[in-house]
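A look at the structure
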Amino acid sequence: MIAAQDRKLALWNIGVAYIAFLIGTLCGLLQVFIRNDALQLPSWLDYYQILTAHGVLLALIFTTYFIFGFFVTGMSKSLGSFGPKVLLYSWIGFWVTTIGTVMATVMIISGEASVLYTFYAPLKASGWYYVGLALVIVGTWISSFALVGHYVVWRKAHKGELSPLFAFMTITTIIMWIIACLGVVATVLFQYIPWAFGWVETINVELSRSLFWYFGHPLVYFWLLPAYMAWYVIVPKLLGVKVFSDSLARLAFVLFILFSIPVGFHHQLTEPGISNFWKFLQVVLTFMVIIPSLLTAFSMFGTFERAGRKNGGQGLFGWFTKLPWKDVRFTSIFVAMAFFIPGGAGGIINASFQLNEVVHNTMWIVGHFHITVGTPVAMTFMGLTFWLVPYLTGRKFSKVMQKLGFIQIITWTIGMLLMSTSQHILGLLGAPRRTAYTGYNNHPSALEWFDGILTNHVTMAVGGSILFLSAMLLIYIVVMTMFLSPKAELEADFVEFPLADSDKEHTPKFLENWWIWIGIAFALIIIAYAIPLYGMIHHAPPGSEGFKTW
Ligand code: HAS
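Anyway, here's the lowdown on the structure attached to this text. Predicted, not measured: the structure shown is a model, and the values here were computed from it.

Reading the values: rules and limits
Residues numbered from 1 in each chain as written. Predicted model: local features only at pLDDT ≥ 70, side-chain atom pairs only at ≥ 80, totals over all residues. Heavy atoms only, no water. Phe/Tyr/Trp six-rings, centres within 6.5 Å; stacked < 30°, edge-to-face > 60°. Helix = DSSP H or I, 4+ residues; strand = E, 2+ residues; numbered from the N terminus. Buried < 20%, exposed > 50% of the residue type's maximum accessible area, 1.4 Å probe, protein only. Lys NZ or Arg CZ within 6 Å of the ring centre and 35° of its normal. Near = heavy atom within 4 Å. Polar contact = N/O pair within 3.5 Å; in protein donor to acceptor, adjacent residues only side chain to side chain. 1 Å grid on protein atoms, 1.4 Å probe; cavity = no way out; pocket = protein on both sides within 12 Å on 5 of 7 lines; lining within 4 Å. Points joined across faces, edges and corners; volume = space filled by probe spheres on them. Nonpolar A, V, L, I, M, F, W, Y, C, P; charged D, E, K, R; others polar. Salt bridge = Lys/Arg side-chain N within 4 Å of Asp/Glu carboxyl O.

So, the packing of aromatic side chains
Counted under the stated rule, the structure contains 57 aromatic pairs. Aromatic pair Tyr 192 and Trp 195: ring centres 6.0 Å apart, planes at 70°, arrangement edge-to-face. Of this pair, Tyr 192 and Trp 195 both sit in helix H5 (residues 165-196), three residues apart, which is roughly one turn of the helix. Neither residue differs from the other here; Tyr 192 and Trp 195 are each classed as buried. Look at Phe 304 and Phe 330: their rings are 5.9 Å apart centre to centre, the planes differ by 90°, and that puts the pair in the edge-to-face class. In this pair, Phe 304 is assigned in helix H8 (residues 276-310) and Phe 330 in helix H9 (residues 328-351), connecting sequence segments 26 residues apart. Taking the relative accessible area as the measure of exposure, Phe 304 reaches 4% and is therefore buried. A relative accessible area of 1% places Phe 330 in the buried class. Pairwise contacts between aromatic rings join Phe 68, Phe 71, Phe 119, Tyr 129, Tyr 130, Trp 177, Tyr 192, Trp 195, Phe 212, Trp 213, Phe 215 and Phe 222 into one cluster. For Lys 124, the ring lying beneath its charged end belongs to Trp 195, and the centroid distance is 5.2 Å. Above the face of the Phe 168 ring, Arg 250 is positioned so that its terminal group lies 4.8 Å from the ring centre.

Right under this line is the structure:
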């Protein structure tokens, strides 16, 4: 069991994550009904307001707090208890993030920031919304540096040793996060805030989007890598085997530092202000960032096969039946992985320059992110929640909870399959995203989109409603294991933090020489971004004034 003060910190993070999850999923339910023309909002509530709240609270806030709760627990478990300074800075980081979150949420609720989570200019929110977002980032930096401090102390005390895999992966994710945030911090501080408060009249739209996407793509790996940490370090322990390959796991993570950032233009492939050469270069780099995910898939199959065979599985696929399917902690994460096969394939389609023309700004993309962040990441976090919360509170995870856990992940799977499949199909038919429902004045071609077996309004609404019920069940499990379930008295009832062993003797030491990777990452960023960004600033078109369309 980790120290009580570290547990408290982790639990507060997870608690705030689930408050955001509760409000965010409620907004999701409303959205499904509005998007299906089944609900009219009262005049004081706007579709884009709800969409912004849904995106910000689930994609940004739920994930961030959960990730820090997970990091704190794992870092304390693998490197030892936090010292007073690390603890102090972690709390400061937590509160700064929370103040930022509250500010941004208040602005959204009061109708001053219906600009969606990507806050594209020239849509203009209240300046306080951007200040809130900036505080969220600053808070995560403070928390990140606290964790880095904890790691540095450990390394000083263990000269020449490779750090435990969990700590290595945490630091990799943090390095990537800090470099990625430089883009969003630059645009928010130097472009959005002066413009939103009226200190300058116009904004350079292309530059603001490019700086946003410099951050926006690695942001998705900031969500994904903690899920991968669970896959690499926790799943093998649940299966009773070691990490498949320590050096492969570290290499995969290092590749994310290198290739997750210089690829943001693949979100801007249809924008006229960037020349095809730079777009093409970043598309090539995007294909490089697929490699660590393929390494991960390989590693996972290797882990499953080893575990299955160890338990007596025979033949080519016999091992499959020997996996611990009755353990919801494993099954939830397995289903999460399975969703990432079509999720990742969809990403490859999006990243293919020409195919992007077909799917960009359509409902396909909405389907894509629901089977990337909405399931592989979110369901891995759900699987982690089932043992992380009881581990931190010292409460039992009873058989009833285990059953409810299964119902929860099964319903999430069904709801997500229905909803995301129909979103993909609708996108291919041409239905746009980032807009409220429209039948284009009842144009027959637009109305046809909603005639399919999966794309009709009823099926989508059923999918969305199942997801919402599943989310409420999860909240129930969280509340029970946080506050109400009986304390684990017997040794057998204690839930452990399942960290797998990894063989480090063959792992090259240079993998933990961060300066090499940070240096190469900056070199790639300069190659991919310096000239196009210089062009956007030096040959800036006339800036745009702000618009409030809601
Ligand atoms: Fe993406 C848009 C390209 C991954 C999230 N993406 C988005 C947006 C979000 C998002 C939120 O190139 C919308 C942004 C907005 O609001 O505008 N994406 C990619 C590529 C990848 C990718 C190449 N995306 C993610 C992940 C996300 C995420 C991860 C969240 C966590 N995405 C794009 C592009 C766009 C985009 C364009 C812009 C589109 C546009 O025009 O607007 C890759 O990282 C994917 C690589 C993954 C794989 C899969 C490996 C499979 C594994 C599972 C193994 C399974 C096992 C289980 C072992 C190659 C690791 C076995 C089970 C059995 C049953 C057999």
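Moving on from the model shown.
Remarks on the site of the ligand
The full set close to the ligand counts 38 residues, and Tyr 221, Asn 356, His 360, His 368 and Arg 433 are the nearest of them. A distance of 3.0 Å separates an oxygen atom of the ligand from a polar side-chain atom of Arg 434. Elements with a minimum of two residues in the shell around the ligand: helix H6 (205-239), H8, H9, helix H11 (363-370) and helix H12 (373-393). For the shell around the ligand, the element with the most residues is H9, which contributes nine residues.

Topic: empty space enclosed by the protein
Per the stated rule, a full pass over the model turns up two cavities of 30 Å³ or more. Quantified by volume, the largest cavity comes out at close to 100 Å³. The wall of the largest cavity is formed by Leu 9, Asn 13, Thr 64, Tyr 65, Phe 68, Val 72, Ser 90, Phe 94, Thr 97, Thr 140, Ser 143 and Leu 147. Contributions of two or more residues to the lining of the largest cavity are made by helix H1 (4-35), helix H2 (47-79), helix H3 (84-109) and helix H4 (127-157). It is H2 that contributes the most residues to the lining of the largest cavity, four residues altogether. Residue composition of the lining of the largest cavity, grouped by class: six nonpolar, six polar and no charged. Approximately 30 Å³ is the volume found for the second largest cavity.

Examining the pattern of salt bridges
Within the structure shown, the criterion is met by eight salt bridges. Note that Glu 112 and Lys 548 form a salt bridge whose closest N and O atoms lie 3.8 Å from each other. One end of the pair, Glu 112, is in the loop between H3 and H4; the other, Lys 548, is in the segment after helix H16 (514-538), with 436 residues separating them in the sequence. Judged by relative accessible area, Glu 112 falls into the partly exposed class, the value being 33%. For Asp 246, the salt bridge goes to Arg 250, with nearest N and O atoms at 2.7 Å. One end of the pair is Asp 246 and the other is Arg 250, both in helix H7 (residues 246-259) and four residues apart, which spans about a single turn. With respect to class, Asp 246 is no different from Arg 250; both count as buried.

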